[in-house]
Amino acid sequence: LHYLCPPKTKDMVLNNLKAAFCTLGCKLNFAETSSLRDQMERAGVRTADKGEKADICIVNTCSVTDVADQKCRQAIRRFTREHPGAFVVVMGCYAQLNPDSIAAFDGVDLVLGMEQKGDALRYIGERMAQKRALGGGEACHEAISVPTRDIRTFVPSCSRGDRTRYFLKVQDGCNYYCTYCTIPIARGRSRNGSI
């Protein structure tokens with residue numbers, strides 16, 4: 001992949017593009033989306049205004065209930081309909097639990113699991129460069145994830161985004177397997193950054 005997309009080329013691929021973001025679920029998802037938005041802005045990607053067609057769409061999903069799963073599917077379909085031709089990325093709990101079925105959705109280019117979420121900007125730049133090299137066109141329908149037991153990284157997030165208060169991520173995952181909760185299944189074992 002490095003021969004297709006060296007770092008300078010990746011930055012050029014993303015520069016002057018517009019991105020739309022949809023976050024479903026908990027405040028942790030909002031913190032992660034906000035941090036990704038900040039990273040993308042530093043790479044030259046502008047957040048699309050409401051009603052403006054985006055070049056990149058990020059859907060950060062939740063999977064705490066069947067209703068949450070349904071809202072995720074609706075959000076993905078709405079984004080692909082509202083932003084035809086955009087590079088669509090789906091990540092989050094629902095993406096970790098159902099990567100292959102989400103990758104098969106019309107218009108979805110890339111599905112990232114929990115272990116890959118911290119490198120989202122790199123994956124987006126590389127895959128967009130590949131798609132352009134192949135002439136654009138059809139969605140890539142690629143899912144990149146590891147089994148939940150192999151999730152090891154902790155990706156810190158501290159960002160305000162468009163909110164009044166800052167979000168600070170201090171922990172991810174959970175070691176308890178409560179019957180009503182999908183967090184340990186979707187986010188993996190409890191982990192945090194060093195003090």
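It should be emphasised that the depicted structure is a prediction, and the values quoted were computed from it without experimental measurement.

A. Here's a closer look at the packing of helix α2 (residues 27-42) against helix α6 (residues 120-133). At their nearest, the axes of α2 and α6 sit 10 Å apart, and the two run at 50 degrees to each other. By the angle between their directions, the pair α2 and α6 is classed as oblique. Facing Leu 36, Gln 39 and Met 40 of α2, the residues of α6 in contact are Ala 120, Leu 121 and Ile 124. A class-by-class count of the residues in the contact of α2 with α6 yields five nonpolar, one polar and no charged.

B. Quick peek at the pairing of strand β5 (residues 108-112). Within β5, five of the five residues are buried, which leaves it mostly tucked inside the rest of the structure. Both strand β4 (residues 87-92) and β5 contribute to a ladder of four bridges, which runs parallel. Bridging across to β5, Val 88 finds its partner in Val 108. As paired elements, β5 and strand β6 (residues 142-144) share three bridges and run parallel to each other. Paired with Val 111 across the two strands is Ala 143, which belongs to β6. For the segment spanning β5, α6 and β6, crossover handedness is left-handed.

C. Representation of the sheet that holds β4 in the model. Read across the sheet, six strands follow the order β2-β1-β3-β4-β5-β6 without closing on themselves; strand pairing throughout is parallel. On the outer flanks of this sheet lie β2 (46-47) and β6, each paired with one strand and no other. Where strand β3 (residues 56-61) and β4 come together, six bridges link them in parallel fashion. Considered in β4, the bridge of Thr 61 is made with Gly 92.

D. Just the packing of aromatic side chains, in detail. This model, assessed by the stated rule, comprises zero aromatic pairs. Geometry around Phe 105 places Arg 77 over its ring, the cationic atom sitting 4.8 Å from the centre. The ring of Tyr 123 has Arg 122 sitting right over it, with the charged end atom 4.5 Å from the ring centre.

E. The arrangement of the pattern of salt bridges in detail. Tallied over the entire structure, the rule returns 14 salt bridges. Ionic pairing is found between Asp 172 and Lys 169, a salt bridge with its closest N-O pair at 3.2 Å. The two residues Asp 172 and Lys 169 agree in class, both being buried. Ionic pairing is found between Asp 172 and Arg 191, a salt bridge with its closest N-O pair at 3.5 Å. Remark: Arg 191 occurs in the segment after α7 (183-187) and Asp 172 occurs in the loop between β8 (167-168) and α7; sequence separation between them is 19 residues. The pair formed by Asp 172 and Arg 191 is uniform in burial state, with each residue classed as buried. Connected through shared salt-bridge partners, Glu 32, Lys 117, Lys 169, Asp 172, Arg 187 and Arg 191 make up one network.

F. The confidence of the model for the protein, seen in detail. Summary statistics for the protein give a mean pLDDT of 88 and a share of 92% for residues scoring 70 or more. Here helix α1 (residues 7-14) stands out as the least confident element of the protein, with mean pLDDT 60; β3 is the most confident, with 97.

G. Expanded view of α6. Between the first and last C-alpha of α6 there are 20 Å, a value that for 14 residues agrees with the 20 Å anticipated at 1.5 Å per step. In terms of burial, α6 is largely enclosed, as eleven of its 14 residues are buried. Every buried residue belonging to α6 is among Ala 120, Leu 121, Tyr 123, Ile 124, Gly 125, Glu 126, Arg 127, Met 128, Ala 129, Gln 130 and Lys 131, and all of these are buried. Following α6 by one or two positions, Gly 135 has its phi on the positive side, about 95 degrees.

Reading the values: the criteria
- Residues numbered from 1 in each chain as written.
- Predicted model: local features only at pLDDT ≥ 70, side-chain atom pairs only at ≥ 80, totals over all residues.
- Heavy atoms only, no water.
- Axes fitted to C-alpha atoms, helices over the stretch in contact; angles between N-to-C directions.
- Helix = DSSP H or I, 4+ residues; strand = E, 2+ residues; numbered from the N terminus.
- Parallel < 35°, antiparallel > 145°, perpendicular 65-115°, else oblique.
- Contact = heavy atoms within 4.5 Å.
- Nonpolar A, V, L, I, M, F, W, Y, C, P; charged D, E, K, R; others polar.
- Buried < 20%, exposed > 50% of the residue type's maximum accessible area, 1.4 Å probe, protein only.
- Pairing = 2+ DSSP bridges.
- Right-handed = clockwise from strand over helix to strand, strands pointing away.
- Phe/Tyr/Trp six-rings, centres within 6.5 Å; stacked < 30°, edge-to-face > 60°.
- Lys NZ or Arg CZ within 6 Å of the ring centre and 35° of its normal.
- Salt bridge = Lys/Arg side-chain N within 4 Å of Asp/Glu carboxyl O.
- pLDDT = per-residue confidence, 0-100.
- Expected span 1.5 Å × (residues − 1).

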